[in-house]
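Working through the structure, step by step
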Amino acid sequence: MDSMDTTLLDVAGIVRRAKQAINAEKDSQLAKHLGVSRATVSNWVARNRIDFPLLLEKMGRDVDYNWLLMGKGEQRHRPRFCDSPLASGEVEILHNPKTADAVDDRNVTLYDVSAAANLKTLFTNKRQFALGTIQIPNVPRCDGAIYVSGDSMYPILKSGDIVGYKELSSFDNLIYGEIYIVSFCLDGNEYLSVKYVKHSEKEGCVKLVSYNPHHEPMDIPFSAINAMGIVKFSIRRHMIM
């Protein structure tokens, strides 16, 4: 675990923002609010590891997760909800461009990516894999939505969440540091990941980084990638009707 890339996991920043959210100045005040010892908070910062379930439970729903965990957006959470026959839950905007995207209430098609060979197949034959449309309030324009599988982006994304994406037409349009759906093939096996995309130290590669520190970063050759889409929003809780 010592070699793990933790550049996206800034626990000191998370602790600082958590104190700001409860109007606390000292680690001891935050520790009391969370029901842990001051030493526990100090250890989180020293090890760059934190108890996410405890933190999110104690901070409450009025604190915006993107702000608390990543320092993006505003401190106070302003909920938006999707409610449709296919999915219902709270919508979180995950892509924060320097130039604001045009937002509007819009219908987004939900696709079954598990039925496609890979993301490229889905992009090419969208109608074949469409499950239906969901009405999303006040979100950026996107090309579709799929279900997330796995816990590599926990707690930002959970398995079963829905993410909306905008297809990437060229690697020249890649925005490093954002969350992407990445479809790639290695040794004849097809993989689909939802991760942060960062610059790689290896020539001809891109680095895929999880938010969950228990997952190691991956250097993937550009030549192995068959399709990508930048994640615009997530529906954090949903139910299938």
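Here the structure is shown first, and the text comes after it.
Here is a short report on the structure shown in this document. (Residues numbered from 1 in each chain as written. Predicted model: local features only at pLDDT ≥ 70, side-chain atom pairs only at ≥ 80, totals over all residues. Heavy atoms only, no water.)

Restricting attention to buried positions, one finds in helix H4 (residues 52–59) the residues Phe-52, Leu-54, Leu-55, Leu-56 and Met-59. Considering only its buried residues, H4 is in contact with helix H1 (11–21), helix H2 (27–34), helix H3 (38–47) and helix H5 (65–70). The N-cap residue of H4 is Asp-51: its side-chain oxygen and the backbone nitrogen of Leu-54 are 3.2 Å apart. Looking one or two residues beyond H4, the residue adopting positive phi is Gly-60, at roughly 90°. (Buried < 20%, exposed > 50% of the residue type's maximum accessible area, 1.4 Å probe, protein only. Helix = DSSP H or I, 4+ residues; strand = E, 2+ residues; numbered from the N terminus. Contact = heavy atoms within 4.5 Å. Polar contact = N/O pair within 3.5 Å; in protein donor to acceptor, adjacent residues only side chain to side chain.)

For the rest of this paragraph, the subject is the layout of surface pockets. Estimated volume of the second largest pocket: approximately 280 Å³. Among the elements of the structure, strand S5 (144–147) and strand S8 (189–199) are those that each provide at least two residues to the lining of the second largest pocket. Counting residues per element, the lining of the second largest pocket draws most heavily on S8, at 4 residues. When the residues that make up the lining of the second largest pocket are grouped by side-chain class, the tally is 7 nonpolar, 6 polar and 3 charged. (1 Å grid on protein atoms, 1.4 Å probe; cavity = no way out; pocket = protein on both sides within 12 Å on 5 of 7 lines; lining within 4 Å. Points joined across faces, edges and corners; volume = space filled by probe spheres on them. Nonpolar A, V, L, I, M, F, W, Y, C, P; charged D, E, K, R; others polar.)

Look at the link from Tyr-154 to Pro-155: it is a cis peptide, with omega at 5°. Within the secondary structure, Pro-155 sits in the loop between S5 and strand S6 (162–167). In the Ramachandran plot, Asn-23 falls in the positive-phi region, its phi being about 60° despite a non-glycine side chain. Structurally, the position occupied by Asn-23 is in the loop between H1 and H2. Here Asn-23 falls in the exposed class, since its relative accessible area comes to 69%. Although it is not a glycine, Asn-48 sits at a positive phi angle of roughly 55°. Mapped onto the secondary structure, Asn-48 falls in the loop between H3 and H4.

Relative to the helices and strands, Ser-159 is located in the loop between S5 and S6. It is 9.6 Å that separates the C-alpha atoms of Ser-159 and Arg-236, two residues lying 77 residues apart in sequence. Setting aside residues no more than four positions away along its own chain, Ser-159 makes contact with Val-148, Ser-149 and Gly-150.

On to H1. Within H1, 8 of the 11 residues are buried, which leaves it mostly tucked inside the rest of the structure. Buried within H1 we find Val-11, Gly-13, Ile-14, Val-15, Arg-17, Ala-18, Lys-19 and Ala-21. Where H1 is buried, its residues contact H2, H3, H4 and H5. Residue Asn-23 follows H1 closely and has a positive phi angle near 60°.

The subject of this paragraph is the nonpolar core. Judged by nonpolar contacts, the single largest core of 45 residues is most densely connected at Leu-55, Leu-68, Leu-69 and Tyr-211. The contact partners of Leu-55, leaving out residues within four places of it in the chain, are Ile-14, Ala-18, Leu-34, Ile-50, Leu-68 and Leu-69. By size, the runner-up hydrophobic cluster in this structure holds 15 residues, among which are Cys-82, Val-91, Val-108 and Phe-233. (Core = buried A, V, L, I, M, F, W, Y, C linked by side-chain atoms within 4.5 Å.)

What follows concerns the pairing of strand S11 (residues 225–235). Of all 11 residues that make up S11, 10 are buried, and the element is covered over most of its length. Bridge analysis of strand S2 (residues 88–93) against S11 gives 3 bridges, and the strand direction is antiparallel. Looking across to S11, one finds that Ile-93 is bridged to Phe-233. Examined bridge by bridge, S6 and S11 share 6 bridges and lie antiparallel to one another. Along S11, the bridge assignment pairs Tyr-165 with Val-231. Across 5 bridges, strand S7 (residues 179–186) lies against S11 in antiparallel orientation. Bridged to Ile-181 within S11 is Gly-229. (Pairing = 2+ DSSP bridges.)

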